[in-house]
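This is what each chain is made of:
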Amino acid sequence: MTLSFFDQFMSPTLFGIPLIALALSLPWILFPTPSSRWLNNRLLSLQSWSISRFTQQLLLPLNLGGHKWAVILTSLMLFLITTNMLGLLPYTYTPTTQLSLNLGLAVPLWLATVIIGLRN
């Protein structure tokens with residue numbers, strides 16, 4: 001197999017599908033859409049099952065008072081997972097390497113827990 005110096009800049013593909021399109025469409029597949037049907041299809045059932053299992057594993061070490069943080073913790077974890085997965089693409093970096101994003105997420109959550117702890 002003969003390669004040139006510029007083959008490293010080619011867009012990676014899998015079965016002729018560019019992987020950048022797959023990586024950009026993956027987060028929309030993970031989030032469930034509301035349905036008015038009584039019985040959901042397999043995709044919605046799989047999405048709801050995976051989110052409920054994820055939330056159950058996330059809240060396992062917390063007491064019942066901490067379960068009110070379930071929505072914000074789950075959304076934060078899904079955001080961090082998807083942004084870090086996009087960092088696996090070639091010639092990209094993860095936004096979490098920037099200190100501004102980390103401080104922008106950490107300081108309000110830390111301050112909220114301290115203020116609520118002081119109030120209680």
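Here the residue numbers are simple positions, counted from 1 along each chain's written sequence. A pLDDT threshold of at least 70 governs which residues receive local features in this predicted model, and a stricter bar of 80 or more applies before side-chain atom pairs are shown or counted, although totals over entire chains, interfaces and linings include all residues. As a rule here, side-chain values come from all non-hydrogen atoms in the structure, and water together with hydrogens is ignored.

Before going further, it helps to examine the side chain of Thr 83. Relative to the assigned elements, Thr 83 resides in helix 3 (residues 70-86). Among the residues examined, Thr 83 registers a relative accessible area of 10% and is labelled buried. Contacts described as polar in this section are N or O atom pairs within 3.5 Å, which, within protein, must combine one atom able to donate a hydrogen with one able to accept it, while residues neighboring in sequence count only if both atoms come from side chains. At 3.1 Å, the side chain of Thr 83 and the backbone oxygen of Leu 80 are in polar contact. Only heavy atoms matter for contacts: two residues are in contact if any of them lie within 4.5 Å across the pair. Beyond its immediate stretch of four places on either side in the chain, Thr 83 contacts Thr 94, Pro 95 and Thr 96. A run of H or I in DSSP counts as a helix once it spans at least four residues, and a run of E counts as a strand once it spans at least two, with each numbered from the N terminus. Exposure categories follow from relative accessible area, calculated using a 1.4 Å probe and restricted to protein chains: below 20% of the type maximum is buried, above 50% is exposed, and the middle band is partly exposed.

Next up on the list: the UniProt feature "transmembrane region" (unreviewed entry) in the protein. UniProt positions are given in the numbering used here, feature names are shortened, and annotations may be inferred rather than shown by experiment. The sites that UniProt annotates as "transmembrane region" (unreviewed entry) are residues 12-31, 69-93 and 99-118. Along residues 69-93 the backbone is 68% helical and 0% strand, and the end-to-end C-alpha distance reaches 29 Å. Along residues 99-118 the backbone is 100% helical and 0% strand, and the end-to-end C-alpha distance reaches 27 Å.

The patch calculation keeps residues exceeding 30% relative accessible area without a salt bridge and links them within 9 Å when they carry like charges or within 5 Å when they are nonpolar (Val, Leu, Ile, Met, Phe, Trp, Tyr). Note on areas: these come from Shrake-Rupley sampling with a 1.4 Å probe, and a residue is covered only by the protein chains present in the view. For salt bridges, the criterion is a side-chain nitrogen of Lys or Arg within 4 Å of an Asp or Glu carboxyl oxygen. The grouping of Trp 110, Leu 111, Val 114, Ile 115 and Leu 118 at the surface amounts to a nonpolar patch, some 530 Å² of accessible area in total. Inspection of the secondary structure assignment puts Leu 118 in helix 4 (residues 99-119).

One can find Thr 96 in the loop between helix 3 and helix 4. The class of Thr 96 is buried, set by a relative accessible area of 17%. Within the structure, Thr 96 has its side chain in polar contact with the side chain of Asn 84 (distance 2.9 Å). Apart from the residues within four sequence positions on either side, Thr 96 is in contact with Leu 80, Thr 83, Asn 84, Leu 101 and Asn 102.

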